[in-house]
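Chain residues, written in single-letter form:
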Amino acid sequence: MDNQVLQAMPRIGDKAPDFKALTTTGPMTFSEFNKGSWVIMFSHPADFTPVCTTELSAFAMDKKFYQERNTKLIGLSIDSIHSHLAWVNNVREKTDVYMDFPIIADLDMKVAHLYGMLHPGESETAAVRAVFVIDPKGVIRLILYYPLNIGRNMEEIKRILIALQTADEKKVALPVNWKPGDKAIVPPPKTLVEMDERIANTEYEKVDFYLSKKAI
Ligand code: BEZ
């Protein structure tokens, strides 16, 4: 075993680790920020870099989408608050896009370590492109990691949010490439009686008793 510091890697289903941090909208306690809202927390490798600028601008341009879905955005990089402010202002001046969601200045890498955003094989000093979707109860529901040189897919992040909210609300599972308007998976039968009921069911779109779909 080498002598790298082992970092915590939160997993799906874990309570989102709480922390206090300095952000572009002021000091914050994460659990207070999260209370009652969905949160999408994302890290980026560095301010004033091109791929990161496209990504954080895209989040900012989708502000209304996230607001309408009770979802707060929060960014993070291992940069100072002064760097974040200068970058946000520069992007606003150059493109008219205002990245006004909080961005954590994680200079001591405390939050990056807490959330497993540092992947030393990719970079020892910059956070990878992580995305954590956290529900209003503070539970981590989905995690994505992208390398430094590939920008994330904003349409997929929006699809993920809608899918998680729909799955919770309708108590269903959602199939491959699901998008709003598509049918949902009906939970498979768990007993022989339920299996025979499902076999006899004519209401659902059915491949077999264990794979049925219904409109939601
Ligand atoms: C970028 O955002 O453009 C970037 C940042 C770090 C490494 C490579 C690309």
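Criteria and thresholds
- Residues numbered from 1 in each chain as written.
- Predicted model: local features only at pLDDT ≥ 70, side-chain atom pairs only at ≥ 80, totals over all residues.
- Heavy atoms only, no water.
- Salt bridge = Lys/Arg side-chain N within 4 Å of Asp/Glu carboxyl O.
- Helix = DSSP H or I, 4+ residues; strand = E, 2+ residues; numbered from the N terminus.
- Buried < 20%, exposed > 50% of the residue type's maximum accessible area, 1.4 Å probe, protein only.
- Pairing = 2+ DSSP bridges.
- Expected span 1.5 Å × (residues − 1).
- Contact = heavy atoms within 4.5 Å.
- Near = heavy atom within 4 Å.
- Polar contact = N/O pair within 3.5 Å; in protein donor to acceptor, adjacent residues only side chain to side chain.
- Areas by Shrake-Rupley, 256 points an atom, 1.4 Å probe, with all protein chains shown as cover.
- Nonpolar A, V, L, I, M, F, W, Y, C, P; charged D, E, K, R; others polar.

Describing the pattern of salt bridges
Point 1. With the rule as written, the count across this model stands at 13 salt bridges.
Point 2. With its nearest N and O atoms 2.6 Å apart, the salt bridge here joins E55 to R129. Remark: R129 occurs in strand β6 (residues 129-134) and E55 occurs in helix α2 (residues 50-61); sequence separation between them is 74 residues. Here E55 and R129 have matching classes, each one buried.
Point 3. K158 is paired through a salt bridge with D62; the nearest N and O atoms lie 3.2 Å apart. Here the residue K158 occupies a position in helix α6 (residues 154-170), and D62 occupies one in the loop between α2 and α3 (63-68), the gap between them amounting to 96 residues.
Point 4. Within the structure, one salt-bridge network assembled from shared partners comprises E55, R129 and R152.

Focus: the pairing of strand β4 (residues 71-77)
Point 1. Burial of β4 is extensive: 6 of the 7 residues sit out of reach of the surface.
Point 2. Pairing analysis gives 6 bridges linking strand β3 (residues 38-43) to β4, with the strands arranged parallel. Paired with I40 across the two strands is L73, which belongs to β4.
Point 3. In this structure, β4 lies alongside strand β5 (residues 103-105), joined through 3 bridges in parallel fashion. Pairing of G75 across the sheet is with I103, part of β5.

As for α6
Point 1. Across its 17 residues, α6 extends 24 Å between first and last C-alpha, which sits within 8% of the 24 Å expected from 1.5 Å per residue.
Point 2. Along α6, the residues classified as buried are M154, I157, K158, I160, L161, I162, A163, L164, Q165 and T166.
Point 3. Where α6 is buried, its residues contact β3, α2, α3, β4, β6 and β7 (140-146).
Point 4. Count one or two residues on from α6 and you reach K171, which has phi positive near 55 degrees.

Examining the site of the ligand
Point 1. In the region of the ligand, the neighbouring residues are P45, T49, P50, V51, C52, R129 and L148.
Point 2. Take P50: an N or O atom from its main chain is 3.3 Å from an oxygen atom of the ligand.
Point 3. At a separation of 3.1 Å, an oxygen atom of the ligand approaches a polar side-chain atom of R129.
Point 4. The fraction of the free accessible surface of the ligand (260 Å²) that becomes covered by protein chains is 74%.
Point 5. The element best represented in the shell around the ligand is α2, accounting for 3 residues.
Point 6. Residues belonging to the shell around the ligand are distributed by class as follows: 5 nonpolar, 1 polar and 1 charged.

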